[in-house]
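Inside the fold
Okay, here's what each chain looks like letter by letter:
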Amino acid sequence: MPELPEVEAVAARLRPLVQGVRIVSCGQFRPTTAKGADSAIGRVVERIDRRGKHILVRLDGGVFLRVHLKMTGNLTVIPDARLRASTVRAWFEFEDGRAMVLDDPRALGRVSFHHDGEEAELFSELGPEPFCAEFTFEHLLRRMRLSRKPVKPFLMDQRAVAGLGNIYAAEALFEARIDPRREARRISCGRISRLHGAIVGILRSALDSALRAYSEPGGFTEGENFPSAVYGREGEPCLACGRAVKRIAQAGRSTYFCSACQR
DNA sequence: TCGATCCTGTAG
DNA sequence: CTACAGGATCGA
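This is a predicted model, so every value here is computed, not measured.

A look at the pattern of salt bridges
Counted by the stated rule, this structure contains 19 salt bridges. For Glu8, the salt bridge identified is with Arg15, shortest N-O distance 3.3 Å. Exposure remark for Glu8: the relative accessible area of 15% places this residue in the buried category. What makes Arg15 partly exposed here is its relative accessible area of 26%. Note that Glu8 and Arg50 form a salt bridge whose closest N and O atoms lie 2.7 Å from each other. Highlighted residues: Glu8 in helix α1 (residues 4-18) and Arg50 in strand β3 (residues 45-51), separated in sequence by 42 residues. The same class applies to Glu8 and to Arg50, which are both buried. The structure contains a network of salt bridges with shared partners spanning Glu8, Arg15, Arg50, Arg51 and Glu129.

Section: the protein's contact with DNA strand C
If you check the shell around DNA strand C, you find 22 residues, and the closest are Met1, Glu6, Lys53, Tyr231 and Ser254. Taking all atoms of DNA strand C within 4 Å of the protein, the share assigned to sugar and phosphate is 56%. Here a base nitrogen of DNA strand C sits 3.1 Å away from a polar atom, N or O, in the side chain of Arg106. Within the side chain of Ser254, an N or O atom sits 2.4 Å from a phosphate oxygen of DNA strand C. At the level of elements, α5 (166-176) and β11 (253-257) are the ones that each hand at least two residues to the surface near DNA strand C.

Here's the deal with the packing of helix α3 (residues 137-145) against helix α6 (residues 189-215)
Helix packing geometry: the angle between the two helix axes and the distance between the axes. Close contact between α3 and α6 brings their axes to 9 Å; oriented N to C, the two are set at 120°. In terms of their interaxial angle, α3 and α6 are classed as oblique. Taken as a pair, α3 and α6 cross one another with a handedness that is right-handed. On α6, the residues touching Phe137, Leu140, Leu141, Met144 and Arg145 of α3 are Cys189, Ile192, Ser193, Leu195, His196 and Ile199. Of the residues that constitute the contact of α3 with α6, the class distribution is eight nonpolar, two polar and one charged.

A word on the domain arrangement of chain A
Once the domains are mapped, chain A shows domain 1 (4-122) and domain 2 (137-257). Here domain 1 and domain 2 have C-alpha centroids that lie 28 Å from each other. The partner domain 2 presents 16 residues to the twelve residues of domain 1 that form the contact. Contact between domain 1 and domain 2 buries roughly 1,100 Å² in total, counting both sides, with carbon and sulfur atoms accounting for 68%. At the boundary of domain 1 with domain 2, the tally comes to zero salt bridges. Across the domain 1-domain 2 interface, the total number found is three residue pairs in polar contact (both at pLDDT 80 or more). Considering each element in turn, the side of domain 1 that touches domain 2 owes the most residues, eight residues, to α1. Broken down by class, the residue content of the side of domain 1 that touches domain 2 amounts to six nonpolar, one polar and five charged.

Conventions adopted
- Residues numbered from 1 in each chain as written.
- Chains lettered and ligands numbered in written order.
- Predicted model: local features only at pLDDT ≥ 70, side-chain atom pairs only at ≥ 80, totals over all residues.
- Heavy atoms only, no water.
- Salt bridge = Lys/Arg side-chain N within 4 Å of Asp/Glu carboxyl O.
- Buried < 20%, exposed > 50% of the residue type's maximum accessible area, 1.4 Å probe, protein only.
- Helix = DSSP H or I, 4+ residues; strand = E, 2+ residues; numbered from the N terminus.
- Near = heavy atom within 4 Å.
- Polar contact = N/O pair within 3.5 Å; in protein donor to acceptor, adjacent residues only side chain to side chain.
- Axes fitted to C-alpha atoms, helices over the stretch in contact; angles between N-to-C directions.
- Parallel < 35°, antiparallel > 145°, perpendicular 65-115°, else oblique.
- Left-handed = near helix turned anticlockwise from the far one by under 90°.
- Contact = heavy atoms within 4.5 Å.
- Nonpolar A, V, L, I, M, F, W, Y, C, P; charged D, E, K, R; others polar.
- Domains from an automatic or database assignment.
- Buried area = accessible area lost by both parts, 1.4 Å probe.

Rendered as structure tokens:
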């Protein structure tokens with residue numbers, strides 16, 4: 001489920017619920033789910049940050065929990081730590097009886113405990129945040145010139161820019177009218193400029209709708225999010241030209257695109 | 001750079 | 001039953 005916009009929405013909803021609360025116990029589904037989680041016991045949550053698709057739960061004493069939701073994870077607060085859904089894979093009980101839980105049917109999501117000093121190394125391969133000044137057209141150009149990957153797997157690998165996944169990479173390439181199969185380094189300056197704008201624009205509007213969806217009373221309403229132009233629309237008419245949207249496999253993932261509009 | 005792998009659920 | 005899933009890592 002989550003790319004940068006959804007992860008940011010999860011973090012935003014968490015913030016007011018956990019700030020200043022002390023963790024008194026924790027548990028996990030399997031020892032690989034939340035490595036080092038016990039070290040969080042007795043600490044107070046100071047802040048929730050996000051870096052790419054990672055959620056950082058800052059704790060007192062210069063440490064943090066890193067949470068990655070992978071495909072189907074969700075990080076929420078439940079009112080009673082004892083009443084956990086069967087899909088909860090890691091939980092952190094608070095003094096007041098509530099709990100922050102990693103709920104993930106597919107159990108791919110991970111939590112890990114770190115000292116602040118490890119942060120730089122932890123994210124040394126992670127590209128800049130798409131909404132930060134560091135993510136410029138020049139930066140994208142430079143990175144693209146170095147990669148022989150097809151541009152869509154290139155965008156998904158988190159090193160050129162953090163936070164894009166299978167949906168928004170496809171959507172950005174559609175908006176920029178670029179063929180997802182094209183080698184990154186063989187794409188012209190003009191197209192890269194369009195792509196840069198499309199990445200920021202797509203993530204911006206997806207973030208807006210994710211924040212809206214998460215703030216509504218019903219909570220998280222999946223699918224009601226961002227209306228896709230190409231993702232998941234195999235065989236349906238391209239919104240620009242009417243020809244059928246295609247689906248191909250790239251690096252083991254589905255890629256949706258319009259072979260007429262994207263060249 | 002590609003395929004297998006981690007996991008479970010759901011759609012066809 | 002098989003295919004596939006809004007992710008990422010690992011080894012060949």
